[in-house]
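Commentary on secondary and tertiary structure
Spelled out from the first residue to the last, the chains are:
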Amino acid sequence: MENFSRETKAGTLEGTYDPKFKPVVDAFIENFETRDEVGANASITLEGKTVVDIWGGKKARGGEPWVKDTVSIVFSCTKGATSLCAHMLADRGKLDLDAKVGDYWPEYAKNGKEETLVSMMLDHSAGQPHLRTKLKDGAYYDYDYMVKLLEEEEPFWKPGVRNGYHGVTLAWTVGELVHRAAGKRMGKFFADEVAKPLGLDFWIGTPEEIEPRIAAMIFAEPDPAAAGSKFTQALMNDPTSPAHLFLLNSGNTDFNSRDCHAAEIGSANGITNGRGLAGMYQPLANGGGKLVGKDTLERMGRVAMATHEDATLLIPTRFALGYMKSMDNRVLATEPNSSCIMGDAAFGHVGMGGSLGFADPECKMSFGYNMNRMGFGILLNDRGQALVDAAYTSLGYRSNASGVWAM
């Protein structure tokens, strides 16, 4: 491993890396020099060993340095953690992914949701992409309130017939199943069974003493190139659409607030960094470790749901049970930043604004990236994708005709 230090116009970058992965370091530098990165951490493990851990920039524009233990909210990367909890319980025989939700959560099985399967909660086909009820202020911080609303809600479609990204509701659909099966809330289960044993700085419900380490998110500026996208059109013009409700019926959630950081929102408010994301996926890239067995791991990475038009995101999507698979939508001229191109065996999750964590069992690599300046768009922007591309290039992979990385 080589030490790394570099001054950029955005601040000091530092860390360590295996010389084989110098293309990742070069891409990281380029993000700060030409792609307006403000602060970030990128981390990669290979065959269980850290081969890249680099960080730097600022916690805010012109603010304090982004240091080694700086963390940030990683939005939907949190779904990877919540889904892992569900799969761990399945591996232990405490949660049957093929059973009806009502077997564990009887109060949910009504109003057209009686036949919903546990797996549908994970693959975004349960018909609960959001809630039609106008949410009270601070709704996402009130776990029991959100669970009760989902119990009463009628599905947007017959569960299982199609999928639409459950962008926020997965926090309580999957989260409550974990709660019922484990006998304790998902945030605590994740802390006890994943974060603490693996030594991760990763919280879903962050202690107050961590607050000074958190870099506030810099929200994305609107991108004129996305004005004609189907998602943007639905967001602006159809108040009944999942797209509109998902982003605008949020109970005035302030993702930079202490109330949000302290809450348990298992789809959206995980606090960690690239190191924590790569660390969580490291066992999954290497046979499952002590988290899950071989059969469970194989199911975790297998495509469970794919569509030409996701009912929420309105782009083609591919999902495993709780995880994103590689999605190449670069041909969609009106849908910028709607791709996440990984290896075919890889599974993980993008976070709003461009953070990413994933495992690739084929090459035994795990990857994590977080940042504080959010990009505009649905999936990865050029900063995160450049790092992923460089990681695979370092391993000798090439992008193939199907838009995935392969040898």
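Presented here is a report on the structure given in the accompanying data block. Throughout this document, residue positions are counted from 1 along each chain, in the order its sequence is written. Thresholds applied to this predicted model are a pLDDT of at least 70 for local features of residues and 80 or more for the giving and counting of side-chain atom pairs; totals over whole chains, interfaces and linings are not thresholded and use all residues. Note that the side-chain values use all heavy atoms of the structure and ignore hydrogens as well as water.

**So, the nonpolar core**
- Judged by nonpolar contacts, the single largest core of 123 residues is most densely connected at W172, F190, L284 and Y392.
- In this text, helices come from DSSP runs of H or I with a minimum length of four residues, and strands from runs of E with a minimum of two, each type numbered from the N-terminal end. Looking at this core element by element, the count peaks at 7 residues for helix α5 (residues 170-182).
- For F190, the contacting residues outside a window of four places in its chain are A81, C85, A195, F202, I204 and M280. In this description, a nonpolar core means a group of buried Ala, Val, Leu, Ile, Met, Phe, Trp, Tyr and Cys residues linked to one another through side-chain atoms lying within 4.5 Å. The classification of residues rests on relative accessible area computed with a 1.4 Å probe and restricted to protein chains. Under 20% of the type maximum is buried, over 50% is exposed, and intermediate values are partly exposed. The contact criterion used is simple: two residues touch if any of their non-hydrogen atoms lie within 4.5 Å.

**Examining the pattern of salt bridges**
- Salt bridges are defined as contacts in which a side-chain nitrogen from Lys or Arg sits within 4 Å of a carboxyl oxygen from Asp or Glu. Counted under the stated rule, the structure contains 25 salt bridges.
- Note that R180 is salt-bridged to E107, the shortest N-O span being 3.0 Å. Here R180 is found in helix α5, whereas its partner E107 is found in the loop between α2 (78-91) and α3 (118-122), with 73 residues between them in sequence.
- Across the salt bridge formed by K110 and E152, the nearest N and O atoms sit 2.8 Å from each other. On the criterion of sequence distance, the pair formed by K110 in the loop between α2 and α3 and E152 in helix α4 (residues 143-152) is long-range, its members being 42 residues apart.
- Here K110 falls in the partly exposed class, since its relative accessible area comes to 27%.

**Overview of the side chain of T253**
- Inspection of the secondary structure puts T253 in the loop between α8 (242-248) and α9 (258-262).
- Assessed through its relative accessible area of 15%, T253 is described here as buried.
- There is a polar contact of 2.6 Å between the side chain of T253 and the backbone oxygen of S250. Any pair of N or O atoms that falls within 3.5 Å is considered a polar contact. Within protein, one atom must be able to donate a hydrogen and the other to accept it, and sequence-neighbouring residues count only if both atoms are side-chain atoms.

**Let's talk about the packing of aromatic side chains**
- Only Phe, Tyr and Trp rings take part, Trp by its six-membered ring, and two of them pair if their centres are within 6.5 Å. Stacked means planes under 30 degrees apart, edge-to-face means over 60, and tilted covers everything else. If you walk through the whole model with that rule in mind, you get 13 aromatic pairs.
- The interplanar angle of 70° and the centroid separation of 5.2 Å between the aromatic rings of F75 and F255 together place this pair among those described as edge-to-face. Placement of the pair is F75 in the loop between β5 (72-73) and α2 and F255 in the loop between α8 and α9, with a sequence separation of 180 residues. Grouping residues by exposure puts F75 and F255 together as buried.
- Residues F190 and F202 carry aromatic rings whose centres are separated by 4.9 Å and whose planes lie at 70° to one another, so their mutual orientation is edge-to-face. One end of the pair, F190, is in helix α6 (residues 186-198); the other, F202, is in the loop between α6 and α7 (230-237), and 12 residues separate them in sequence. Pair check on accessibility: F190 and F202 agree, each one buried.
- Taken together, the ring pairs in this structure connect F358, F367, Y392 and Y397 into an aromatic cluster.
- Each ring is checked for a lysine NZ or an arginine CZ that lies within 6 Å of its centre and within 35 degrees of its normal; such an atom marks a charge sitting over the ring. The side chain of R132 reaches across the aromatic face of F156, ending 3.9 Å from its centre.
- Of note, K136 hangs over the ring of Y145, and the distance from its end group to the ring centre comes to 4.4 Å.

**Here's the deal with a nonpolar patch on the surface**
- Patches were defined on residues exceeding 30% relative accessible area and lacking a salt bridge, with like-charge contacts within 9 Å and nonpolar side-chain contacts (Val, Leu, Ile, Met, Phe, Trp, Tyr) within 5 Å. In this description, accessible areas are obtained by the Shrake-Rupley approach with a 1.4 Å probe, and a residue is regarded as covered only by the protein chains that are shown. Side chains of L247, L248 and M352 sit close together on the surface and give an oily, nonpolar patch of about 240 Å² of accessible area.
- Assignment of secondary structure puts L248 in helix α8.
- Of the residues examined, L248 reaches a relative accessible area of 51% and is grouped as exposed.

**A word on the sheet that holds strand β11 (residues 365-371)**
- Pairs of strands are assigned from DSSP output, requiring at least two bridges between the strands. Strands sit in the order β1-β2-β4-β3-β11-β10-β9 across an open sheet of 7 strands; the sheet is antiparallel. The two strands at the open ends of the sheet, each matched to only one other strand, are β1 (2-8) and β9 (347-351). Within this sheet the neighbouring strands show an average axis-to-axis angle of 5°, counted without direction.
- Pairing of strand β3 (residues 39-46) with β11 involves 7 bridges; the strand directions are antiparallel. Looking across to β11, one finds that N41 is bridged to N370.
- Contacting β3, β4 (49-57), β9, β10 (355-360) and β11, helix α10 (residues 274-281) crosses the sheet at an angle of about 155° to β11. Axes, fitted as lines to C-alpha atoms, cover a helix only where it is in contact. Angles between the N-to-C directions of the axes lie from 0 to 180 degrees.

**What to know about helix α1 (residues 22-34)**
- Across its 13 residues, α1 extends 18 Å between first and last C-alpha, which sits within 8% of the 18 Å expected from 1.5 Å per residue.
- Every buried residue of α1 is listed here: V24, V25, A27, F28, I29, N31 and F32.
- A positive backbone phi angle near 60° is found at D36, which sits one or two residues after α1. To estimate how far a helix should reach, multiply one less than its number of residues by 1.5 Å.

**Description of the packing of α1 against helix α12 (residues 382-394)**
- Two elements in contact, α1 and α12, have axes whose closest approach is 8 Å; the angle formed by their N-to-C orientations is 165°. When the interaxial angle is binned, α1 and α12 end up roughly antiparallel. Relative to α12, α1 is oriented so that their crossing is right-handed. Each of P23, V24, A27, F28 and N31 in α1 lies in contact with α12, whose residues at this interface are R383, A386, L387, A390, A391 and S394.
- Residues are sorted three ways: Asp, Glu, Lys and Arg are charged, Ala, Val, Leu, Ile, Met, Phe, Trp, Tyr, Cys and Pro are nonpolar, and all the rest, Gly among them, are polar. Considered class by class, the residues forming the contact of α1 with α12 number 8 nonpolar, 2 polar and 1 charged. In these notes the angle categories are as follows: under 35 degrees is roughly parallel, over 145 is roughly antiparallel, 65 to 115 is roughly perpendicular, and the rest is oblique. Left-handed is the label given to a crossing in which the near helix is rotated counterclockwise from the far helix by less than a right angle, and right-handed is the label when the rotation is clockwise.

**Quick look at the pairing of β1**
- In this sheet, strand β2 (residues 11-17) lies alongside β1 in antiparallel orientation, the contact comprising 7 bridges. Within the sheet, the bridge partner assigned to N3 lies in β2 and is T16.

**Section: unusual backbone geometry**
- With phi around 60°, D36 is a residue other than glycine that occupies positive phi space.
- Positioned with a positive phi, L314 is a non-glycine residue whose angle comes to about 60°.
- According to the relative accessible area criterion, L314 is buried, its value standing at 17%.

**Quick word on the environment of I29**
- Here I29 shows up in helix α1.
- Counting along the chain gives 235 residues from I29 to E264, while the straight-line C-alpha distance between them is 34 Å.

**As for the packing of α4 against α5**
- The interhelical angle for the contact between α4 and α5, taken along N-to-C directions, is 105°, at an axis separation of 10 Å. Here α5 runs roughly perpendicular to α4, going by the angle between their axes. Where α4 abuts α5, its residues Y143, M146, V147, L150 and E151 lie against A171, W172, T173, G175, E176, H179 and R180.
- Counted by class, the contact of α4 with α5 contains 6 nonpolar, 3 polar and 3 charged residues.

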